[in-house]
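The chain contents come next:
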Amino acid sequence: MNEIDRLTIEQAKKKDRIAFKRVYDFYSPFIWKIAYRTMHGDAEAAGEAVQDTFIRVHESLHKFSGESGLSTWLYRIVFNVCLTALAKQKRTRIMQPLDENIAVKTSLAESLDSKDQVRAILASMSAEDQFLLTGREVLDLSYEELAAITGDNAGTLRTRLSRLKEQIRKNFKE
Amino acid sequence: MGIHNEDQLPAGFIGDFADIPDVPGHLYGRLRHGIDRRVAVRRTLWAVAASLIIMVTAFSVAHLSRPQIASVAEAEEELSTVDSYINSNVYTEDDNSYVYYEETLYQE
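Residues numbered from 1 in each chain as written. Chains lettered and ligands numbered in written order. Predicted model: local features only at pLDDT ≥ 70, side-chain atom pairs only at ≥ 80, totals over all residues.

(A) Geometry of the overall build of chain A. A count of helical and extended segments in chain A gives nine helices and zero strands. Its helices and strands taken in sequence order, chain A reads α-α-α-α-α-α-α-α-α from the N to the C terminus. Put simply, chain A has 174 residues, and 32% of those count as buried. Put simply, of all contacts in chain A between residues at least 6 apart along the chain, 61% involve residues at least 24 apart. (Helix = DSSP H or I, 4+ residues; strand = E, 2+ residues; numbered from the N terminus. Buried ≥ 20, exposed ≤ 12 C-beta atoms within 10 Å, placed from the backbone. Contact = placed C-beta atoms within 7 Å.)

Written out as C-alpha cells, the structure reads:
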C-alpha cells in the first residue's frame, strides 16, 4: 500500500503534533477497518483498539527503523492490540450469564438473511482469521505483508486463507 | 455452473464483509486527550522522582559529613576530652575568663 512521506514520519518521531495528526489521518481508516473486523464488528471495542494502537505509536515511533513500511508496523501493532483486547474480553465473558449467548443464537437461527449469515460465519471465525480475511480481501495486502505482520510463513497463510474461503463458500447461501 | 475461482468469495458475502463504517470522527480528539494526559502524568512522575533523588542525595551528603561516633564509650571519651580542653584553656580559676582576660590585659 501507499505510505506517507518520510519527512512527516521523521517529524512525527520528534513528537510534532501536526505531523502525528497527518500520520493518524493517513493510516487510521486502514487501522480502523482491521480493528473493526478483528474485534467482530464491535465499534466501541474497535475504537479502543485504534486509540491504543496510536498511543503505542506515539510512544514508540522513534524506534521505527523504516526497514518495513510504516503500514506493516502499524498493522502489527493493531493486530497485537486486538488479540490482547479479545483475550481480556474472553476472560470477562466467562463471568456473564449464559442466557445472553442463547438469545443471540436463537435470533440468528430464526432469520438467516445475507447479513445474518455473514454475521454467523464471522462469529464462528477466530480473530486471526478475520484479520487475515480483512487484510487480504478489504485492504488488498499481499501474503508477504500479512506474513510480516503475523510472523507466519506466507505459504502457510495462503493455505489457511484458501481453506477459510472454501468453508465460507460452503456455508454461505446466496 | 461456470468454472469456479477457488480464491474468490461469494459476492454477497464479500459485499457485507467489506461494508465497514467510517472511522468515528470523535476518535482523534479522544486519542489526543489520552496522549496529553499520559504525557502530563509522565512529567509529574519524573518531577517527583527528581525531587526524591535530590532529597536523598542532600540527606546522604549531610549525614556523611557529620562526625561519626562508633560507640557510647567513644562518645564519652570525646566529651571528656572536650571538657578537659575547656577547663584548661577557656575558664580561669575563678570561672570568669572575661575578668581574667581584662586583668591580664591591664597588667601588661
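(B) Summary view of the interface of chain A and chain B. Each partner contributes to the interface: chain A provides 25 residues, whereas chain B provides 21 residues. Of the residues assigned to the side of chain A that touches chain B, the class counts are 12 nonpolar, six polar and seven charged. (Nonpolar A, V, L, I, M, F, W, Y, C, P; charged D, E, K, R; others polar.)

(C) Spatial organisation of the confidence of the model for chain A. Considering every residue of chain A, the mean pLDDT works out to 85; 88% of them sit at 70 or more. Predicted confidence for residues 97-110 of chain A stays below pLDDT 50, and this span has three contacts to residues more than four positions away or in other chains. (pLDDT = per-residue confidence, 0-100.)

(D) Fine view of the nonpolar core. One finds Ile31, Ala35, Ala49, Leu74, Val78 and Cys82 of chain A to be the most contacted residues of the largest nonpolar core, which totals 38 residues. Element by element, the count of residues in this core is highest for helix α4 (residues 70-93) of chain A, at 11 residues. Setting aside residues up to four positions removed in sequence, Ala35 of chain A forms contacts with Ala46, Ala49, Val50, Val78 and Cys82 of chain A. Formed by five residues, the second largest nonpolar core is a distinct cluster that contains Val118 and Ile168 of chain A together with Leu9 and Phe13 of chain B. (Core = buried A, V, L, I, M, F, W, Y, C linked by C-beta atoms within 7 Å.)

(E) Molecular detail of the environment of Phe64 of chain A. Residue and element names in this part refer to chain A. You can see Phe64 is positioned in the loop between α3 (43-60) and α4. Residues Phe64 and Lys13, spaced 51 residues apart in sequence, show a C-alpha to C-alpha distance of 8.6 Å. With residues near it in sequence (within four places) discarded, Phe64 still touches Leu70 and Trp73.

(F) Helix α2 (residues 27-65) of chain B, seen in detail. Relative to the 57 Å expected for 39 residues at 1.5 Å per residue, α2 of chain B spans 57 Å between its end C-alpha atoms, a close match to the ideal helical length. Counting buried positions along α2 of chain B yields one of 39 residues, so the element is predominantly exposed. (Expected span 1.5 Å × (residues − 1).)

(G) The packing of helix α8 (residues 143-150) of chain A against helix α9 (residues 154-171) of chain A, seen in detail. All names here are of chain A. Where α8 contacts α9, the axes come no closer than 8 Å and their chain directions differ by 105°. Taken together, the axes of α8 and α9 lie roughly perpendicular to each other. Each of Tyr143, Glu144, Leu146 and Ala147 in α8 lies in contact with α9, whose residues at this interface are Ala154, Leu157 and Arg158. Counted by class, the contact of α8 with α9 contains five nonpolar, no polar and two charged residues. (Axes fitted to C-alpha atoms, helices over the stretch in contact; angles between N-to-C directions. Parallel < 35°, antiparallel > 145°, perpendicular 65-115°, else oblique.)

(H) The arrangement of unusual backbone geometry in detail. Residues and elements named next belong to chain A. Phi at Lys15 takes a positive value of approximately 65°, unusual for a residue other than glycine. Tracing the backbone shows Lys15 in the loop between α1 (6-13) and α2 (17-38). For Lys15, a count of 14 C-beta atoms within 10 Å translates into the label partly exposed. Phi is positive for Asp140, close to 60°, though the residue is something other than glycine.

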